[in-house]
Amino acid sequence: MPHFLSERTPGLVEWMDRPDCDRELLFNTYQQFSRINRLLSGWKKIYSEYIRPAIEKNSGKASLLDIGCGGGDVLRLLHRFCREDGFDIQFTGIDPDLRSLEYLSGLEWPETVQFEPLYSHHLVKQNRQFDIVISNHVMHHLKEKELTTVCADAEKLAGQLVIFSDIERSDIGYAMFSTIAPLLFRNSYIVQDGLISIKRSFRKKELQNLLPESWSVQRQFPFRLLAIHQKNGRDG
């Protein structure tokens, strides 16, 4: 059990979420997300164990939604994995922060990847449907009621699979990140926001108690939680 971080502190605000944060540091943070997610977020393993099998059930064709896509690095990574496997996938990333969309618009993207400045409930109202719905580092940003609402939205939007990945709060993880991250990430908000994120994040039991019974919460190395909701197929 954590001692220093025995309780979650959701009231903290990350620097990149502040409307007056430095634009250059913010865009550098988006750019550096690709490195930190490649090192720590485990999306290759998530793809191999959950996303690829779901796509194979659909004969190699699917649509995938990323809620809170940020700098778009997870979608770019998943696009590469799917391309290497010969899958035909349509990717959609949504983020209500217009600064994210501004950053994304300055990058080159495949025609199969699109971005929209929306919340998940906007897509529900539009009766949109996707085979797979994901998020990365979104859950810890949300208050408990907001989290259950986003999970309910994801259930409605997904025909097959929902998988939300995030940090698990840990004293050891906090100590390791505070020691190693400053050596790897500079001129961005990665270090200070990463430490805030750990303080705001859930423990496994906390998250499982918040989610409906149809969701499972699993640990993934290093210091990660996966919240998973699976359905039988395209028709749910």
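Residues numbered from 1 in each chain as written. Predicted model: local features only at pLDDT ≥ 70, side-chain atom pairs only at ≥ 80, totals over all residues. Heavy atoms only, no water.

### Looking at the packing of helix H2 (residues 43-57) against helix H3 (residues 73-84)
1) Next: Two elements in contact, H2 and H3, have axes whose closest approach is 11 Å; the angle formed by their N-to-C orientations is 60°. Our classification of the angle between H2 and H3 gives oblique. Handedness of the crossing formed by H2 with H3: right-handed. On the side of H2, the interface is formed by Trp43, Lys44, Tyr47, Ile51 and Ile55, while H3 contributes Val74, Leu77, Leu78, Phe81 and Cys82.
2) Next: Split into classes, the residues belonging to the contact of H2 with H3 amount to nine nonpolar, no polar and one charged. (Axes fitted to C-alpha atoms, helices over the stretch in contact; angles between N-to-C directions. Helix = DSSP H or I, 4+ residues; strand = E, 2+ residues; numbered from the N terminus. Parallel < 35°, antiparallel > 145°, perpendicular 65-115°, else oblique. Left-handed = near helix turned anticlockwise from the far one by under 90°. Contact = heavy atoms within 4.5 Å. Nonpolar A, V, L, I, M, F, W, Y, C, P; charged D, E, K, R; others polar.)

### Considerations on a nonpolar patch on the surface
1) Next: A cluster of nonpolar side chains, contributed by Leu39, Leu40, Ile172, Met176, Ile180, Leu183, Leu184 and Phe223, occupies part of the molecular surface with about 740 Å² of accessible area.
2) Next: Those elements that provide at least two residues to the nonpolar patch are helix H1 (23-40) and helix H7 (171-184).
3) Next: Ranked by the residues each element gives to the nonpolar patch, the list is headed by H7, at five residues.
4) Next: Summarising the element assignment, Leu183 is placed in helix H7. (Patch = residues over 30% accessible without salt bridge, like charges linked within 9 Å, V, L, I, M, F, W, Y side chains within 5 Å. Areas by Shrake-Rupley, 256 points an atom, 1.4 Å probe, with all protein chains shown as cover. Salt bridge = Lys/Arg side-chain N within 4 Å of Asp/Glu carboxyl O.)

### Some remarks on the packing of aromatic side chains
1) Next: Under the counting rule described, the total for this entry stands at nine aromatic pairs.
2) Next: When the centroid spacing of 5.4 Å and the interplanar angle of 75° are considered together, the rings of Phe27 and Tyr103 count as edge-to-face. Pair noted here: Phe27 is in helix H1 and Tyr103 is in helix H4 (residues 98-105), with a separation of 76 residues, a long-range link.
3) Next: A relative accessible area of 14% places Tyr103 in the buried class.
4) Next: Feature note: the residues Phe27, Tyr30, Phe33 and Tyr103 constitute an aromatic cluster, connected by ring pairs.
5) Next: Above the ring of Trp15, the side-chain terminus of Arg18 is found at 4.0 Å from the ring centroid.
6) Next: The ring centre of Trp109 lies 3.8 Å from the NZ or CZ of Arg76, which sits over that ring. (Phe/Tyr/Trp six-rings, centres within 6.5 Å; stacked < 30°, edge-to-face > 60°. Buried < 20%, exposed > 50% of the residue type's maximum accessible area, 1.4 Å probe, protein only. Lys NZ or Arg CZ within 6 Å of the ring centre and 35° of its normal.)

### Points about the sheet that holds strand S3 (residues 113-116)
1) Next: The mixed open sheet is built from seven strands, whose spatial order is S3-S2-S1-S4-S5-S7-S6. What marks the edges here is a single partner per strand, and that holds for S3 and strand S6 (216-220). Mean inter-strand twist for the sheet, computed between neighbouring axes without regard to direction, equals 20°.
2) Next: Pairing analysis gives four bridges linking strand S2 (residues 88-94) to S3, with the strands arranged parallel. The partner of Gly93 across the bridge, within S3, is Phe115.
3) Next: Sitting on the sheet, H2 is in contact with strand S1 (61-67), S2, strand S4 (130-136), strand S5 (158-167), S6 and strand S7 (224-230), with an inclination near 175° to S5. (Pairing = 2+ DSSP bridges.)

### Digging into the side chain of Gln220
1) Next: Relative to the assigned elements, Gln220 resides in strand S6.
2) Next: For Gln220, a relative accessible area of 6% corresponds to the buried category.
3) Next: At 3.5 Å, the side chain of Gln220 forms a polar contact with the backbone oxygen of Gly42.
4) Next: Not counting the four nearest positions on each side in its chain, Gln220 is found in contact with Ser41, Gly42, Lys45, Ile46 and Leu226. (Polar contact = N/O pair within 3.5 Å; in protein donor to acceptor, adjacent residues only side chain to side chain.)

### Section: the packing of H1 against H4
1) Next: Direction vectors running N to C along H1 and H4 enclose 65°, while the axes themselves pass 11 Å from each other. By the angle class used here, H1 and H4 are roughly perpendicular. Handedness of the crossing formed by H1 with H4: right-handed. Contact with H1, carried on its side by Arg23, Leu26, Phe27, Tyr30 and Gln31, involves Arg99, Ser100, Glu102 and Tyr103 of H4 and no other residues of that element.
2) Next: Split into classes, the residues belonging to the contact of H1 with H4 amount to four nonpolar, two polar and three charged.

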